[in-house]
Amino acid sequence: MVKASEAETPKRNLKPIWIALAFIVMIAIVLLPTPDDLPVIGQRALAILAFAVILWVTEAVSYPVSAAMIIGLVALLVGFAPDMVNPDTIVGTKAALKMALGGFSNSAVALVAAALFLASAMQATNLHKRLALFILSKVGVKTGAIVFGAILVSIVLAFFVPSATARAGAVVPILLGMVAAFGLQPNSRLGALLVITAVQSVSIWNIGIKTGAAQNMVALGFIEKEFGVSVAWSSWFLYAAPWSIIMSVVLYFVMMKLIKPETQVIEGGKELIKDQLKELGPMKSSELRLIIVSVALLFLWATEEKLHPLDTTTVTLVAIAILLSPKIGVFDWKTVERLIPWGTIIVFAVGIALGTILLDTTGAQWLSDKVFGAMGLENMPLLATIALLSLFNILIHLGFASATSLSSALIPIFIALTTTIAIDANNVGFVLIQQFVISFGFLLPVSAPQNMLAYGTGAFTVKDFLKSGIPLTVIGYLLILLFSATYWKWIGLL
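Below is a summary of the structure that appears in this document. Computed from a prediction, not measured in an experiment: that's the story for all the values here. Throughout this description, residue numbers start from 1 for each chain and increase along the sequence as written. Only residues with pLDDT of 70 or above have their local features reported here, since the model is predicted, and side-chain atom pairs are shown and tallied only from 80 upward, although totals for entire chains, interfaces and linings are computed over all residues. Where side-chain values are given, they derive from all heavy atoms of the structure, hydrogens and water being excluded.

**Concerning unusual backbone geometry**
In this model, glutamate 59 sits at a positive phi of 50°, which is unusual for a non-glycine residue. Labels follow the DSSP assignment, with helices taken as runs of H or I lasting at least four residues and strands as runs of E lasting at least two, numbered in each case from the N terminus. Turning to its location among the elements, glutamate 59 is positioned in the loop between helix H3 (40-58) and helix H4 (63-78).

**Observations regarding helix H10 (residues 189-208)**
Because the α-helix completes a turn every 3.6 residues, residues three or four places apart line up on one side. Multiplying one less than the number of residues by 1.5 Å gives the expected span of a helix. In a regular helix each residue adds 1.5 Å, so 20 residues correspond to 28 Å; H10 covers 29 Å between its end C-alpha atoms and thus fits that length. Think of it in three bands: with a 1.4 Å probe and only protein chains considered, a residue is buried below 20% of the maximum accessible area for its type, exposed above 50%, and partly exposed in between. Across the 20 residues of H10, 19 count as buried, placing the element largely inside the fold.

**Concerning the packing of H3 against H4**
Each pair of packed helices gets described by two things: the angle between the helix axes and the distance between those axes. Structural elements are reduced to axes, namely lines fitted to C-alpha atoms, with helices fitted over the stretch in contact, and the angle between N-to-C directions of any two is expressed from 0 to 180 degrees. Packing of H3 against H4 leaves a shortest axis separation of 10 Å and a crossing angle of 165°. By the angle class used here, H3 and H4 are roughly antiparallel. Where H3 crosses over H4, the handedness of that crossing is right-handed. Contacts between H3 and H4 pair Ile41, Arg44, Ile48, Phe51, Ala52, Leu55 and Trp56 from the former with Tyr63, Ser66, Met69, Ile70, Leu73, Val74, Leu77 and Val78 from the latter. When an angle is under 35 degrees it counts as roughly parallel; over 145 it counts as roughly antiparallel; between 65 and 115 it counts as roughly perpendicular; any other value is oblique. Each crossing gets its hand from how the near helix is turned against the far one by less than a right angle, where anticlockwise is left-handed and clockwise is right-handed. Contacts were defined at the residue level, with two residues in contact if any of their heavy atoms lie within 4.5 Å.

**Here we look at the nonpolar core**
A general tendency of soluble globular proteins is for nonpolar side chains to be buried together. Membership of the largest hydrophobic core comes to 170 residues, with the highest contact counts inside it found for Leu175, Trp243, Leu323, Leu432, Phe436, Ile480 and Trp488. No other element matches helix H6 (residues 107-125), which puts twelve residues into this core. Not counting residues up to four positions away in its chain, the partners in contact with leucine 432 are Leu220, Ile223, Val231, Trp236, Tyr239 and Leu493. What we call a nonpolar core is a set of buried Ala, Val, Leu, Ile, Met, Phe, Trp, Tyr and Cys residues that are connected through their side-chain atoms within 4.5 Å.

**Quick notes on the environment of leucine 220**
Within the secondary structure, leucine 220 is located in helix H11 (residues 214-227). Judged by its relative accessible area of 8%, leucine 220 falls in the buried class. When the C-alpha atoms of leucine 220 and serine 402 are compared, they prove to be 17 Å apart, with 182 residues separating the residues in sequence. Those residues in contact with leucine 220 that sit more than four places away from it in its chain are Lys210, Val231, Trp236 and Leu432.

**Considerations on the environment of leucine 324**
Relative to the helices and strands, leucine 324 is located in helix H15 (residues 312-324). For the pair leucine 324 and methionine 84, spaced 240 residues apart in sequence, the C-alpha separation works out to 45 Å. When sequence neighbours within four positions are dropped, the list of residues in contact with leucine 324 reads Phe117, Gly329, Phe331, Asp332, Trp333 and Val336.

**Structural notes on a nonpolar patch on the surface**
By definition, no residue in a patch forms a salt bridge, and every one has over 30% relative accessible area; like charges are joined within 9 Å, nonpolar side chains (Val, Leu, Ile, Met, Phe, Trp, Tyr) within 5 Å. A 1.4 Å probe and the Shrake-Rupley method give the accessible areas. Residues count as covered only by the protein chains that appear here. The term salt bridge refers to a side-chain nitrogen of Lys or Arg lying within 4 Å of a carboxyl oxygen of Asp or Glu. A cluster of nonpolar side chains, contributed by Leu14, Ile17, Trp18 and Leu21, occupies part of the molecular surface with about 310 Å² of accessible area. Structurally, leucine 14 can be placed in the loop between helix H1 (4-7) and helix H2 (15-31). Note on leucine 14: relative accessible area 37%, which makes it partly exposed.

**Looking at the packing of helix H17 (residues 342-360) against helix H20 (residues 403-420)**
At a closest axis distance of 9 Å, the pairing of H17 and H20 adopts a crossing angle of 20°. Relative to H20, the element H17 is oriented roughly parallel. For the crossing formed where H17 meets H20, the hand is right-handed. Packed against H17, whose contacting residues are Phe348, Gly351, Ile352, Gly355 and Leu359, the element H20 presents Thr404, Ser408, Pro412, Ile415 and Ala416 at the interface. Residue composition of the contact of H17 with H20, by class: six nonpolar, four polar and no charged. For this classification, Asp, Glu, Lys and Arg are treated as charged, while Ala, Val, Leu, Ile, Met, Phe, Trp, Tyr, Cys and Pro are nonpolar and the rest, including Gly, are polar.

**Some remarks on the pattern of salt bridges**
Summed over the entire model, instances satisfying the criterion amount to seven salt bridges. Measuring nitrogen to oxygen at the nearest pair gives 3.9 Å for the salt bridge that ties lysine 210 to glutamate 304. Of this pair, lysine 210 sits in the loop between H10 and H11 while glutamate 304 sits in the loop between helix H14 (285-302) and H15; the two residues are 94 residues apart in sequence, bridging distant segments of the chain. Residue classification places glutamate 304 among the buried residues on the basis of a relative accessible area of 4%. Its salt-bridge partner being lysine 225, residue glutamate 226 comes within 3.5 Å of it at the nearest N-O pair. We classify lysine 225 as partly exposed; its relative accessible area is 43%. Overlapping salt bridges, with partners in common, bring together Arg130, Lys284 and Glu287 in one network.

**Remarks on the side chain of threonine 125**
Position of threonine 125 relative to the elements: it lies in helix H6. Any pair of N or O atoms that falls within 3.5 Å is considered a polar contact. Within protein, one atom must be able to donate a hydrogen and the other to accept it, and sequence-neighbouring residues count only if both atoms are side-chain atoms. From its side chain, threonine 125 meets the backbone oxygen of alanine 121 in a polar contact 2.9 Å long. Not counting chain neighbours up to four residues away, the residues in contact with threonine 125 comprise Lys284, Ser286, Glu287, Leu290 and Val330.

Below is the structure:
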């Protein structure tokens, strides 16, 4: 008779192996002969990038821990590398550490931090939940209407809640409550339909709105530094919102076609929403103040570079200062400490620093030359180049759980590519289109944090998610190509 302990095969912890592999690959790259067209410091930057990518893809350590490791490695490896200007001297650990921490001074990091504060203000006051409940209370009780309502909630919240995870966290519990009100389990077909719809819509509008997702700030930070161009909130909206609107319509029909719910009417849904709204009570003065600040903020974002000279980051930081102020604010520092994912800010800053180092040391340029030069992109038409790069982007995303990390790794390489192949197009637009594709998180639950949040509810299987993710990815990809050939050319993005 086999004992229970022998019969069970516990899952092996592979994390130490992945960490060891990351160090081995990094050391191997450092020890390789340095190519003639690559400085030693650039080679070491690429070694650190390889180390980071292995940790990010395997999640051998948490993202904030990987950020701390990257800072240490930059200080040591770059610090003891020959200086690019004067190869007879080393860079020095002090100068290298300054490079490693350089991301913290980037305005894009300040915007991400401010966006997280704004999202936590929504959570502290429950305003995002009230908005979601209010919209769902107006759409009716038919399944199709609720699916439409779930998409609409995601769209509206994207304007006011600059955190994809917070938006998903607001709407998913409400939808599951409606499923329960009908007497069905969370993992019912109705549960899968509503929850998958909500998170796929969140991903779609990460692309449509500049402040919708942190990874957008990564790209904009690199673009501003390398090209000296800032992309206004309204300009981003003009470029990307039409794509997101069309994809929202596609999402509705894809979900209604692929996942057939047990019922066409959610009889108890209206009552449940009314009860939850009643439970929230009348609108508090703090919620009203947050609405005023949020609407003013949205107005200032949308009119950036048109009615005033204030940039997105500045107005957002001023708004956060108001929301934290005694008497007129909506939350205090203790609440902020509890709700803000501080590690996200660190990861974001270090990702920008690593990308900047890759660009400054010509490591990104060298890698772009070798990888994309071998693909013969310089001889391809612009649309074919976008098609190939977008496909590459989608496939590599399968290994990344964080679009922010993916942006940190790829955007510097795409920026370098614009000089490698001398594209006959607007360089900023070319890079922005690849950033839109980086936000494709439609295929797997691990493709985005909001997907994992929803997957944790048990409402759907990986197969369910993939069933909707494949057509959304294919249609989204084809729409990127269509827009590249038409709309984005017409408005001057390309």
